[in-house]
Amino acid sequence: MKRRLARRSLWIIAALGILGFGLSIESYREFGKAMMGEGTWCSFGELSSCEKAFESDYSVLFGRPISVYGAVAYFLATSMAVVGLINGGPYLLASLFHLALFSVPLLLATAYFAWALFFVVQTVCVLCVGDYLINLSIAGTTAYACWRLKPPYKSLFAWDMKSLFGTAKGRFQTVLMVVLLIILGAMVVRFEHWYYMRMRGFHLILENKINRIDTPWTQAFPTRGPVDAPIQVVSFGDYECPFCDMMKETWNHLLEKYPSLIRMTAVEYPLNSDCNPAAANNTNHSMACRATSLALYVLQAQGDEAFWRVHGEIYKNGQKLTPELLREIGRRAGLTEEQMKAAEEQAAHPKGLDNHLRIAHVLDFPGLPMTLLNGIRIQGYVEEWALVKIIKAELASKGLTLGDYKKR
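Residues numbered from 1 in each chain as written. Predicted model: local features only at pLDDT ≥ 70, side-chain atom pairs only at ≥ 80, totals over all residues. Heavy atoms only, no water.

Draft legend 1. View of the pairing of strand β6 (residues 370-373). Of the two faces of β6, both are covered, the one formed by Met370 and Leu372 as well as the one formed by Thr371 and Leu373. Across four bridges, strand β4 (residues 231-237) lies against β6 in antiparallel orientation. For Ser235, the partnering residue across the bridge sits in β6 and is Thr371. Once β6 ends, the chain turns through two residues before running back antiparallel as strand β7 (residues 376-379), passing Asn374 with a positive phi of about 50°. (Buried < 20%, exposed > 50% of the residue type's maximum accessible area, 1.4 Å probe, protein only. Helix = DSSP H or I, 4+ residues; strand = E, 2+ residues; numbered from the N terminus. Pairing = 2+ DSSP bridges.)

Put into structure tokens, the structure is as follows:
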């Protein structure tokens, strides 16, 4: 009876692990769609939005989407359950013991990310909630099995220590297992990078199999960086778009690291129907028109350098923008009360945005952020390592290397 309960519990955990692995892959795919501005099937409004969850700082850990870590965790849980089922005998209890230990960090991670989702981001993501339920089910199944079977924890722990470190053979196998896990981790990261490049279509850029868009019109917009820079970038964004802010920060880091490498052009495209007739509504990005109007007014009154300072400060505040905060930013930029009032009045209509809206209409991009890199159209947020790969390929085609532009 006890063996049957142990095997049944491990079968349930293996099934949950496989289900969780599939859910993690789907979360990764939807995260990629959100980054590209395409929207997600699991977004049903402000109160239940996977897209809002993916836009938060809690969707990424150490530079990788948390869905990647979830997939690894579910793979390990499934593997432990399958090893116990295949070997049988004492390995049934050993696998349950290992899964009980594994459930502790799993529950802690679940509690942390659930708190972040519900109380900080303040939304419900059905994919995230699915993960939480699977984690709780794995922990609950393990806890129930251990409670019923009452395994000899001390003996199992001693057996583990002896198997891992008690003999020369055990120590060799332990070191070998750690090395193999490191290699496996590196392979997972490499495969994820490969999949990311293929999913986003960036492999076509590296193979120079993509059309380029002529951008002679960039002189009509604010720019920074050398005119003859080998990498010419046009960045389309909205001040309340989180991924636009992330994209800007990535470019800022590259601009700081490689000062003479990039010439950056900013084209504002507020997703607010008050000043952009093509926008769906004026509720999600309610401050976008005001922020854009203020930045363009600073550009007109004080030039490019002042614009870029205000541009960065507005993006830094992003979704925390308020009319009072924008006025304070305007004052720090040197605008008078009359000028700020004029900027606010201008925000109610597309005046001053004609060229911005016309260019966006011609390019017909589905969402933000959007970037033109040497005329190559890149949709959505792009991770820095992927941008560097694209930049290296562009430089190589001109007989240049990234090291030629590194800050001395």
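What follows picks up the thread again.
Draft legend 2. Expanded view of the pattern of salt bridges. A full pass over the atoms with the stated rule returns 13 salt bridges. With a shortest N-O distance of 2.7 Å, Arg64 and Glu383 are connected by a salt bridge. Taken together, the residues Arg64 in strand β2 (residues 64-65) and Glu383 in the loop between β7 and α15 (384-396) connect sequence positions 319 residues apart. In terms of burial, Arg64 and Glu383 fall into one category: buried. A salt bridge links Arg331 to Glu337; the nearest nitrogen and oxygen atoms lie 2.9 Å apart. (Salt bridge = Lys/Arg side-chain N within 4 Å of Asp/Glu carboxyl O.)

Draft legend 3. Focus on the environment of Ser67. Take Ser67: it is sitting in helix α3 (residues 66-87). A relative accessible area of 11% means that Ser67 is categorised as buried. Taking the C-alpha atoms as reference, Ser67 lies 33 Å from Lys406; in sequence the two are 339 residues apart. In contact with Ser67, other than residues within four places in its own chain, are Ser24, Ser27 and Tyr28. (Contact = heavy atoms within 4.5 Å.)

Draft legend 4. Spotlight on the state of the cysteines. Scanning the entire structure with this criterion turns up two disulfides. Between the sulfur atoms of Cys275 and its disulfide mate Cys289 the distance is 2.0 Å. Classification of the bridge connecting Cys275 and Cys289 rests on its S-S torsion, roughly -90°, and on that basis the disulfide is left-handed. Of the two residues, Cys275 is situated in the loop between β5 (262-268) and α10 (288-302) and Cys289 in helix α10; the sequence distance between them amounts to 14 residues. For Cys289, a relative accessible area of 4% gives the class buried. Numbered in order of appearance, the disulfide-bonded cysteines of the chain are paired 1-2, 3-4. (Disulfide = S-S within 2.5 Å.)

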